[in-house]
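Listed below are the residues making up each chain.
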Amino acid sequence: MINRRELLSGIAGGVVSAGLIKAVEISHANIISVSNIMMLRKITAPEDRLCVVVLGYHFAGDGGAKLVYWDSASQKPANQGTVISALLGDKGRWIQLHDGVVDFRQFGIFNGQDPADLALEAMVNDPLIHRIEAHTALNFCSRHRFTRSNLTLDFGGHTITTAGLEPLTEPKNNYISAIFSFRGEFEEQTTVTVLNTPLNLLAEIYPVGNSNQFPVGQ
């Protein structure tokens with residue numbers, strides 16, 4: 001054991017032991033900044049684990065800022081939001097560092113004109129994301145079906161439009177044909193039974209002749 005004065009004296013004299021040097025050694029990662037996503041994608045041959053502060057999606061301060069790092073071995077499908085590809089080369093991706101809260105603006109969605117479908121799909125299908133926020137109007141052109149849980153969608157009271165929405169593939173009176181819906185995964189074994197009476201719209205009680213084939217909690 002050495003005290004603080006002895007440690008400082010040793011550093012000044014250059015006689016600190018190799019073991020002590022190793023114990024206090026700190027690895028400093030390079031961190032740089034770029035103005036937008038396009039400049040990020042133009043970086044050539046980045047060092048593995050290089051961290052970059054992206055100041056905006058199109059320009060600095062536009063609300064699409066993020067922190068990313070370069071994973072030279074990654075070949076994840078690029079969505080140009082949380083996973084960003086370089087302009088040159090197929091291998092390696094810029095991966096966004098976040099705390100589970102992601103914003104449509106980080107995917108380049110800033111108004112109700114550009115479709116927000118691909119950004120929504122990318123965020124919902126990322127298990128590390130637990131909250132999706134919108135700070136502008138959004139437009140959806142597709143109907144989405146998801147099976148995940150523990151996710152909050154906060155559109156902040158902004159307008160949601162469906163200009164160019166794909167036509168229904170189900171009957172037009174199918175009220176389940178929402179813009180996006182969340183449902184459970186199908187059971188491997190399916191049980192079919194006939195209802196005693198016609199089912200009322202939005203009913204949650206299903207009268208059947210014998211309910212013994214449905215265990216409690218199933």
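For the structure itself, consult the block above.
Below or above, wherever it landed, is the structure these notes cover. Sequence order as written defines the numbering, with residues in each chain counted from 1. The model is predicted, so local features are restricted to residues of pLDDT at least 70 and side-chain atom pairs to those at 80 or more, both for listing and for counting; the totals for chains, interfaces and linings are taken over all residues. The side-chain numbers reported here are obtained from all heavy atoms of the structure, hydrogens and water having been left aside.

Right, let's talk about the overall build of the protein for a bit. Broken down by element type, the protein carries four helices and twelve strands. Considering only intrachain contacts with a sequence separation of at least 6, the fraction spanning at least 24 residues in the protein is 45%. In this description, accessible areas are obtained by the Shrake-Rupley approach with a 1.4 Å probe, and a residue is regarded as covered only by the protein chains that are shown. In the structure as shown, the protein presents an accessible area of about 14,800 Å², 55% of it carried by carbon and sulfur atoms. The way it works is that DSSP assigns letters per residue, a run of H or I at least four long becomes a helix, a run of E at least two long becomes a strand, and they are numbered from the N terminus. Whether two residues touch is decided by their heavy atoms; if any such pair falls within 4.5 Å, the residues are in contact.

Before going further, it helps to examine the layout of surface pockets. Grid points spaced at 1 Å over the protein atoms alone were grouped into cavities, where a 1.4 Å probe fits but cannot get out, and pockets, open sets with protein on both sides within 12 Å along at least five of seven lines, with lining residues defined by an atom within 4 Å of a point. Grid points are joined across faces, edges and corners, and a volume is the space filled by probe spheres set on the points. The computed volume of the largest pocket comes to approximately 310 Å³. Around the largest pocket sit 14 residues that line it, and Lys76, Thr82, Val83, Ile95 and Asp126 are the ones nearest its centre. When residues in the lining of the largest pocket are grouped by element, the largest group, three residues, is from strand β5 (residues 93-97). Note on residue categories: nonpolar means Ala, Val, Leu, Ile, Met, Phe, Trp, Tyr, Cys or Pro, charged means Asp, Glu, Lys or Arg, and polar means any other residue, Gly included. A class-by-class count of the residues in the lining of the largest pocket yields eight nonpolar, four polar and two charged. Empty space within the second largest pocket amounts to approximately 160 Å³. Lining the second largest pocket, in full, are Tyr57, Asn79, Gln80, Phe107, Ile109, Pro115, Leu118, Ala119 and Ala122. Looking at the lining of the second largest pocket residue by residue, the class counts come to seven nonpolar, two polar and no charged.

The pairing criterion for strands is at least two bridges between them, as found by DSSP. Strand order across the open sheet formed by five strands is β1-β2-β3-β5-β4, with mixed pairing between neighbours. Each edge of the open sheet is held by one strand with a lone partner, namely β1 (31-34) and β4 (83-85). On average, each strand axis in the sheet is inclined to that of its neighbour by 30°, with strand direction left out of account. Of the pairings in the sheet, the one linking strand β3 (residues 66-71) to β5 comprises five bridges and is antiparallel in character. Of the residues in β5, the one forming a bridge with Trp70 is Trp94. Note on definitions: angles span 0 to 180 degrees between N-to-C directions of axes, and those axes are lines fitted to C-alpha atoms, for helices only across the stretch in contact.

Next up on the list: the nonpolar core. Among soluble globular proteins, nonpolar side chains are generally buried collectively. We define the nonpolar core as a collection of buried residues of types Ala, Val, Leu, Ile, Met, Phe, Trp, Tyr and Cys that are connected through side-chain atoms lying within 4.5 Å of one another. Buried residues are those whose accessible area, probed at 1.4 Å on protein chains only, stays under 20% of the maximum for their type, while exposed residues exceed 50% and partly exposed ones sit between those limits. Counting 17 residues, the largest nonpolar core has Phe104, Phe107, Ile109, Met123, Leu138 and Phe140 as the members making the most contacts within it. Considering every element that reaches this core, the biggest residue donor is helix α4 (residues 117-124), with five residues. Setting aside its immediate chain neighbours within four residues, Phe140 contacts Phe104, Ala116, Asp117, Leu120, Phe155, Ile160, Thr161, Thr162, Ala163, Leu165, Ile179 and Phe180.

This part is about α4. Three- or four-residue spacings in an α-helix give side chains the same orientation, since the helix completes a turn every 3.6 residues. Counting buried positions along α4 yields six of eight residues, so the element is predominantly enclosed. For α4, the complete set of buried residues consists of Asp117, Ala119, Leu120, Ala122, Met123 and Val124. If you follow the buried residues of α4, they end up packed against β6 (101-103), β7 (131-133), β8 (138-139), β9 (144-146) and β12 (180-182).

Looking along a regular strand, one sees side chains alternate from face to face of the sheet. Sheet analysis places β1 next to strand β2 (residues 51-54), joined by four bridges and oriented parallel. Note that in β2 the partner of Ser33 across the bridge is Val53. Sheet topology note: the β2/β3 ladder contains four bridges and is antiparallel. Each residue of the ladder has a partner; that of Val52, found in β3, is Val68.

Even without being glycine, Gln80 reaches a positive phi, approximately 55°. Checked against the element boundaries, Gln80 lands in the loop between β3 and β4.

This part is about the sheet that holds strand β10 (residues 152-154). Ordered by their spatial adjacency, three strands build an open sheet running β6-β7-β10, and the pairing between neighbours is parallel. Only two strands of the sheet have a single neighbouring strand rather than two, namely β6 and β10. With strand direction ignored, the average angle separating the axes of adjacent strands in the sheet is 20°. Sheet analysis places β6 next to β7, joined by three bridges and oriented parallel. Bridge pairing in β7 places Val102 opposite Ile132.

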